Amino acid sequence: MQRVARQHQDKGLSKTFIAAREREPERICAYYALTLAELENQLLPDAWRKKLPRRIPGVRLGRLAVDREYQSKGLGALLLMDALTRARRIYDEAGGIGLFVDAIDERAAEYYRQYGFQTAPDNPLLLFLPVTITESGL
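Presented here is a report on the structure given in the accompanying data block. (Residues numbered from 1 in each chain as written. Predicted model: local features only at pLDDT ≥ 70, side-chain atom pairs only at ≥ 80, totals over all residues. Heavy atoms only, no water.)

1. Observations regarding the overall build of the protein
Just so we agree on the cut-off: By definition, any uninterrupted DSSP run of H or I lasting at least four residues is a helix, any uninterrupted run of E lasting at least two residues is a strand, and each is numbered from the N terminus. Exposure is judged per residue with a 1.4 Å probe applied to protein chains only, and the accessible area is read against the type maximum: over 50% gives exposed, under 20% gives buried, and values in between give partly exposed. For this analysis, residues touch if any pair of their heavy atoms sits within 4.5 Å. A 1.4 Å probe and the Shrake-Rupley method give the accessible areas. Residues count as covered only by the protein chains that appear here.
Helix and strand content of the protein: five helices and six strands. Ordered by position in the sequence, the α and β elements of the protein form the string α-β-β-α-β-α-β-α-β-β-α. Counting all 138 residues of the protein, 38% fall into the buried class. Counted over contacts in the protein with a minimum sequence separation of 6, partners at least 24 positions apart contribute 58%. Accessible surface computed for the protein: about 8500 Å², of which carbon and sulfur atoms make up 50%.

Rendered as structure tokens:
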């Protein structure tokens, strides 16, 4: 994981953000990656599809993961809020309509839905959170 994240970061493909223990900074407790994305509007929920051009810019959240030892303690939610804050800054500086995530499975998709992410019409594992929702800070 670390090698791939470093390679992607060095090539400018994505940026990875980590949560580490203060006393053990080499121990990664959780992480996520962000990258710029462009998707076809047909992948968005119907309410958004009609308002936008065919290709739409946004930010893609990738690889949000929490070490088993730290799961169910709120760390994933903190990282998700950090990702939303960063996506909002990108929106303010360069535009984009929201945050996209490819959930690894239905359980992960449900996790994102509890934070307001909407499911794509033809792909229940592709989720979207409009930037207008991130403005309110969830």
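After that view of the structure, there is still more to cover.
2. What about the side chain of N41?
Rules: Distance and chemistry together define a polar contact, namely a pair of N or O atoms within 3.5 Å, with one atom able to donate a hydrogen and the other to accept it when in protein, and with adjacent residues in sequence counting only for side-chain atoms on both sides.
Positionally, N41 belongs in the loop between β2 (28-40) and α2 (46-49). N41 gets classed as buried once you look at its relative accessible area, which sits at 13%. Polar contacts involving the side chain of N41 include one to the main-chain carbonyl oxygen of P53, which spans 3.1 Å. Once you skip the residues sitting within four places of it in the chain, N41 turns out to touch R49, L52, P53, R54 and I56.

3. Let's talk about unusual backbone geometry
Most peptide bonds take the trans configuration, and most residues that are not glycine carry a negative phi. Residues other than glycine seldom take positive phi values, yet R63 does so here, at roughly 60 degrees. With respect to the secondary-structure elements, R63 resides in strand β3 (residues 55-66). Although it is not a glycine, S72 adopts a positive phi angle of roughly 65 degrees. For S72, the position within the fold is in the loop between β3 and α3 (75-94). Judged by relative accessible area, S72 falls into the exposed class, the value being 82%.

4. Here's the deal with the packing of aromatic side chains
Threshold: Two rings from Phe, Tyr or Trp (for Trp, the six-membered ring) form a pair when their centres are within 6.5 Å of each other. A pair whose planes differ by under 30 degrees is stacked, one over 60 is edge-to-face, and the rest are tilted.
Per the stated rule, a full pass over the model turns up five aromatic pairs. Here the aromatic residues Y111, Y112, Y115 and F117 are joined through ring pairs into a cluster of three or more.

5. Looking at the pattern of salt bridges
Rules: By definition, a salt bridge exists where a carboxyl oxygen of Asp or Glu is found within 4 Å of a side-chain nitrogen of Lys or Arg.
Tallied over the entire structure, the rule returns eleven salt bridges. Close ionic contact of E40 with R55 constitutes a salt bridge, the shortest N to O distance being 2.5 Å. On the criterion of sequence distance, the pair formed by E40 in strand β2 and R55 in strand β3 is long-range, its members being 15 residues apart. The class of R55 is partly exposed, set by a relative accessible area of 33%. Two residues, R86 and D82, come together in a salt bridge whose shortest N-O distance is 2.9 Å. Highlighted residues: R86 and D82, both in helix α3, separated by four residues, approximately one helical turn. Note on R86: relative accessible area 26%, which makes it partly exposed. Shared partners join several salt bridges into a network, and the residues in it are E38, E40, R54 and R55.

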